[in-house]
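So the chains spell out like this:
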Amino acid sequence: MKIPITLPEMDKNTLEWLSLAASAAIDPETATKAKLRRARKWIVKSFLPMEEIPAHIRPYLAPEVSDEQFFAFLCACDDQVQALKEQHMQEMEQLTDDLPPDCAQLLLQIVRRELNIQLCRREGNALHLYAGLNRGSLIRHLTLQDAHGFPVLIAADDIEAEGTLFRDEDGRFGLPLQITPCPPPSAEDDTDQDEDVSDDGTMDDEFCSDDEPLSCVVTFSGATMEYIICRVEPLNCLQTPWAYLISAADAILEKNELLPHTLNDKERALLPLLTELSGFFSNETAAPLLTAMAEEEGCTKLYRLLNKCRGSVQGFERLQLELSHARSEPLWRRIAGLLAESQIGYPVKNEVFSAPSGMDAIRAQITDILHANGYTGTYPDFEKRGPLSRTCVAASGHPFVKMRDHLLLRGRPGIYRIHCREHFYTHIPGILLECVSQFPKRGEPELDRIACMFDHGDHCFKDYVMLQIIPDSDTSNTLPQSLLRAMLNAEHRRPNREQRQALDLPAQGDTLRAALAMGLAFGVLFGILCTPALALLLTGFAVIDGVGAFLPLLADFPWLETLVFSTVGFGGFLAVYLWFWLE
């Protein structure tokens, strides 16, 4: 039973701070006195340093206050915060009564920071805000009518509500926002920053000079909201190919939860399978559809693991290893094909939010640069063949599989591929350059880009280069640099002096000196540890043998030569290894 307490007057931050401490507390009604004492000691140490508590609040938390009263006070603070939040939401709902329900709900979600605004555009006096671009295909498009107070921006890195929605004396809505502008793509673009002006025509020097957040209040007379449905674009899976499928499944399930009537027949038929995929790695639910499909696709080991090991921690780890193996590739391809078929007919995000002419020019530039460097093919897939130009160390690692280093010898025949995958991340369109190198052994078939996503040992290696396309900026410098980096990664080449300068990499001599310095440091450490260890080992043999036979050996043993040899040997090996890695 809670003890009634009259809360003192306190500011919002203090009240929320005490409420946070209450959320970390244990239930005082069921806990023993010893547990209450330990919990109170931990809360005071972690959340409530007394010197930071306002003076008029300290008596309620003083050491002489009983544990029951202490926790009752914190719980009363938490109840007050929850009541204020509920009152605030009721006021917000009343405030937006004259807006369409979907539009009002979206505004409240933005105010509560449940959704960030990830793209904004202005058309006359209308301000268009877009939320939900990162995940999935369902984009919420909010149009603020007769909007004022939002600065003219080239691109904003982040936009979020800074306060609460309100209405002024004229009945206009007010929405305080905090805007973090994108950093300029290059120094040359700084000359254009003086063109950024606010709504009243004045210069905004603070906003234009750096990328510090800018606070503003956007006022508007009304708002409308619509959904834009695009093709599912799975997350850029830099690790596991199954994360690619799971992100697509989550996107379609989100659309089904919010707007089920917008699903097409193929998406609706896939819902049971997508539900299994979405919860697959939680290891909590059965996966009968995936199990049956694994059997149909001939994934025998995966089928056995799905059928017998589901729910077991040890079995689940074995299942994760098998999913990354090339044996599981047929099941992945089948599911990916079903997902791709279900998305035919939806527009691509880049087509909706990017200027087609600008993207066409970038695609043509990518094609020209890669063709000039010996690659064949058409956008988005390019290929080059030839022997490896140097001996190097490369790592092949896949999710749930231990990273393994492989020594690739110079002259080994290789196939190098670059795949350009377009995406739209927040406000910036971009291209993910997938760099794949394959070194097939004699008699083995060539693998395509998808097959290289799975574990094939020392036959396949994969890397990524991200190319961001800043709107209204010149990509003539960033695009060649990104493509150069992608070609070097795909072909495991060492950049020359000019390429190092273009990529802003350290000089080759600096890399060599760094490798030698690290090799020397660890070599000396190894020698210092190795020599005494060998002395202790020989001393042990001497004790076992009765000391006599080993005393001459201990006296005449070349300890100095052992120290030098172990230091130089280990340090030299490590320096060579690091040289391969750093290059």
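First, a word on what this report is: a plain description of the structure on this page. (Residues numbered from 1 in each chain as written. Predicted model: local features only at pLDDT ≥ 70, side-chain atom pairs only at ≥ 80, totals over all residues. Heavy atoms only, no water.)

1. Description of the overall build of the protein
1) Next: Scanning the protein from N- to C-terminus turns up 19 helices and 14 strands.
2) Next: Counting only residues that meet the buried cut, the protein has 44% of its 583 residues in that class.
3) Next: Within the protein, contacts between residues at least 6 apart in sequence are counted, and of these 67% link residues at least 24 apart.
4) Next: For the protein, the exposed area adds up to about 30600 Å²; of that, 56% sits on carbon and sulfur atoms. (Helix = DSSP H or I, 4+ residues; strand = E, 2+ residues; numbered from the N terminus. Buried < 20%, exposed > 50% of the residue type's maximum accessible area, 1.4 Å probe, protein only. Contact = heavy atoms within 4.5 Å. Areas by Shrake-Rupley, 256 points an atom, 1.4 Å probe, with all protein chains shown as cover.)

2. Digging into the pairing of strand β2 (residues 126–131)
1) Next: With six of its six residues buried, β2 lies for the most part within the structure.
2) Next: Covered by surrounding structure in β2 are A126, H128 and Y130 together with L127, L129 and A131, the residues of both alternating faces.
3) Next: The pairing of strand β1 (residues 117–123) with β2 spans six bridges and is classified as antiparallel. By the bridge assignment for β2, C120 is matched with L129.
4) Next: Where β2 meets strand β3 (residues 138–145), five bridges bridge the pair, whose relative direction is antiparallel. Within the sheet, the bridge partner assigned to L129 lies in β3 and is L142. (Pairing = 2+ DSSP bridges.)

3. Things to note about unusual backbone geometry
Peptide bonds are trans in most cases, and residues, glycine excluded, mostly fall at negative phi.
1) Next: Residue Y379 is joined to P380 through a cis peptide bond whose omega torsion reads 15°.
2) Next: Checked against the element boundaries, P380 lands in the loop between α14 (356–372) and β9 (381–387).
3) Next: Although it is not a glycine, D146 adopts a positive phi angle of roughly 50°.
4) Next: Mapped onto the secondary structure, D146 falls in the loop between β3 and β4 (156–161).

4. Remarks on the side chain of R172
1) Next: Structurally, R172 is set in the loop between β5 (166–167) and β6 (173–181).
2) Next: One polar contact links the side chain of R172 to the main-chain carbonyl oxygen of T219, over a distance of 3.1 Å.
3) Next: When near neighbours in sequence (up to four residues on either side) are disregarded, R172 contacts D146, H148, F166, R167, T219, F220 and S221. (Polar contact = N/O pair within 3.5 Å; in protein donor to acceptor, adjacent residues only side chain to side chain.)

5. Considering the side chain of H128
1) Next: Tracing the chain through its elements places H128 in strand β2.
2) Next: For H128, the side chain forms a polar contact with the side chain of H141, separated by 2.9 Å.
3) Next: There is a polar contact of 3.2 Å between the side chain of H128 and the side chain of T143.
4) Next: Look past the residues within four positions of H128 in its chain and what remains in contact with it is L119, C120, R121, E123, H141, L142 and T143.

6. Some remarks on the packing of helix α7 (residues 241–258) against helix α12 (residues 329–342)
1) Next: In the contact formed by α7 and α12, the axes pass within 11 Å of each other and the chain directions differ by 30°. Note that α7 runs across α12; the crossing there is left-handed. Touching P241, W242, Y244, L245, A248 and I252 of α7 are L331, W332, I335, A336, L339 and S342, all from α12.
2) Next: Of the residues belonging to the contact of α7 with α12, the class tally is eleven nonpolar, one polar and no charged. (Axes fitted to C-alpha atoms, helices over the stretch in contact; angles between N-to-C directions. Left-handed = near helix turned anticlockwise from the far one by under 90°. Nonpolar A, V, L, I, M, F, W, Y, C, P; charged D, E, K, R; others polar.)

7. Thoughts on helix α15 (residues 478–491)
1) Next: Under the 1.5 Å per step criterion, the end-to-end length of α15 is 20 Å for 14 residues, consistent within 8% with the ideal 20 Å.
2) Next: Listing the buried residues of α15 in full gives L479, S482, L483, L484, A486, M487, L488, A490 and E491.
3) Next: Two residues or fewer past α15, H492 is found with a positive phi of approximately 55°. (Expected span 1.5 Å × (residues − 1).)

8. Considerations on the environment of L520
1) Next: By the element assignment, L520 lies in helix α17 (residues 508–544).
2) Next: Separated by 51 residues in sequence, L520 and G571 place their C-alpha atoms 5.1 Å apart.

9. Digging into the packing of aromatic side chains
1) Next: Here the structure, examined in full by the defined rule, presents four aromatic pairs.
2) Next: With centroids separated by 5.3 Å and ring planes inclined at 15°, the aromatic side chains of F173 and F220 adopt a geometry described as stacked. With F173 in strand β6 and F220 in strand β7 (residues 214–220), this pair connects stretches of sequence that are 47 residues apart.
3) Next: Classification of F220 as buried rests on a relative accessible area of 0%.
4) Next: Ring centres 6.2 Å apart and planes at 75° place the aromatic pair Y416 and F439 in the edge-to-face group. Residue Y416 is located in strand β12 (residues 413–425), and its partner F439 is located in the loop between β13 (428–438) and β14 (460–468); the two are separated by 23 residues in the primary sequence. (Phe/Tyr/Trp six-rings, centres within 6.5 Å; stacked < 30°, edge-to-face > 60°.)

10. Quick notes on the pattern of salt bridges
Should their charged atoms come close, side chains of opposite charge can pair.
1) Next: Evaluation of the coordinates by the stated rule reveals 18 salt bridges.
2) Next: Across the salt bridge formed by D146 and R172, the nearest N and O atoms sit 2.9 Å from each other. Of the two residues, D146 is situated in the loop between β3 and β4 and R172 in the loop between β5 and β6; the sequence distance between them amounts to 26 residues.
3) Next: A salt bridge links E329 to R333; the nearest nitrogen and oxygen atoms lie 2.6 Å apart. Linking E329 with R333, this pair stays in helix α12, spanning four residues, or about one helical turn.
4) Next: A relative accessible area of 13% places E329 in the buried class.
5) Next: Each of E383, R385, R417 and E446 takes part in salt bridges that share partners, so that together they form one network. (Salt bridge = Lys/Arg side-chain N within 4 Å of Asp/Glu carboxyl O.)

11. Quick word on the packing of helix α9 (residues 288–296) against α12
The packing of two helices is summarised by the inter-axis angle and the distance between the axes.
1) Next: Contact geometry for α9 and α12: axes closest at 9 Å, N-to-C directions at 120°. The way α9 lies across α12 gives a crossing that is right-handed. In this structure, α9 contributes L290, M293, A294 and E296 to the contact, and α12 contributes L331, R334, I335 and L338.
2) Next: Residues of the contact of α9 with α12, tallied by class, amount to six nonpolar, no polar and two charged.

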